[in-house]
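# Topology and contacts: notes
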Amino acid sequence: MANLARCAGLTLAMIVSGCGYHQLGAATHVPANVHTLAVPIFQSRVQAYHTETAFTEAVVRELNERTKFRVLTASGDGTFNGSTGSADATLKGTILTETIAPLTFDPTSGQTSSYLVTVHAVVEMIAHDGTVLYRNPGFEWREQYQSTQDLSGFVQEDSAATRRVARDFAQGLVSDMLENFK
């Protein structure tokens, strides 16, 4: 009976340790020589106001919270804040499209009651020597948000929705990036 309990305990320990749990940023896919990461403001090909800023800030925040990278952010003059030298790698992003589509309608008024925001982007991390460490040419994120009857409230909700999309986009991107280094 004791041998059976030991065997069951050992089997359980092997199963739990093999589930793939690890600290983010410590995955074997991350090159050991990447400690400092420069993140310039994402480029944008969309007409939405300050989308690139919201997305860049969300990605920087996510990297700071979930990784061990020292993240350098762009200042207004094109240099990087906190930089005493060059970064080990640079994370660049371009927001290609951002669409807002009606999702549900209020049956009594016939007006749209929620929208679906979809964002497509190209994101890549390039090492100091030019080696592409990560590239996703079709990263996509979606978020649903509720509309309101009051136009001023809708405008305020639109900004909040952009921040929510940016936050969720950043979470998905950082997860994808950390698990899919070349």
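Whatever comes next refers back to the structure up there.
What counts, and where the lines are drawn
- Residues numbered from 1 in each chain as written.
- Predicted model: local features only at pLDDT ≥ 70, side-chain atom pairs only at ≥ 80, totals over all residues.
- Heavy atoms only, no water.
- Salt bridge = Lys/Arg side-chain N within 4 Å of Asp/Glu carboxyl O.
- Helix = DSSP H or I, 4+ residues; strand = E, 2+ residues; numbered from the N terminus.
- Buried < 20%, exposed > 50% of the residue type's maximum accessible area, 1.4 Å probe, protein only.
- Phe/Tyr/Trp six-rings, centres within 6.5 Å; stacked < 30°, edge-to-face > 60°.

## A few points about the pattern of salt bridges
Any two side chains of opposite charge can pair, given that their charged atoms come close. Following the criterion strictly, the structure yields five salt bridges and no others. Put simply, Arg-135 and Glu-124 hold a salt bridge, and the shortest N to O gap is 3.2 Å. Residue Arg-135 is located in strand S6 (residues 132-146), and its partner Glu-124 is located in strand S5 (residues 112-127); the two are separated by eleven residues in the primary sequence. According to the relative accessible area criterion, Arg-135 is partly exposed, its value standing at 43%. Across the pair Arg-164 and Glu-143 runs a salt bridge whose closest N-O atoms are separated by 3.8 Å. One end of the pair, Arg-164, is in helix H3 (residues 151-179); the other, Glu-143, is in strand S6, with 21 residues separating them in the sequence.

## Things to note about the environment of Thr-73
Inspection of the secondary structure assignment puts Thr-73 in strand S3 (residues 70-73). On the basis of relative accessible area, Thr-73 is assigned to the partly exposed category, the value being 25%.

## So, the packing of aromatic side chains
To describe a pair of aromatic rings, one takes the distance between the centres and the angle between the planes. The final tally for this structure, using the stated rule, is three aromatic pairs. Between Phe-139 and Trp-141 the ring centres are 6.4 Å apart and the planes differ by 10 degrees, which places this aromatic pair in the stacked class. Taken together, a centroid distance of 5.1 Å and an interplanar angle of 90 degrees make the contact between Phe-139 and Phe-169 edge-to-face. With a gap of 30 residues between them, Phe-139 in strand S6 and Phe-169 in helix H3 connect regions that are remote in the sequence. Across this residue pair, the class does not change: Phe-139 and Phe-169 are buried. Here a set of aromatic residues connected by ring pairs shows up, and it is made of Phe-55, Phe-139, Trp-141 and Phe-169.

These figures capture arrangement, not role.
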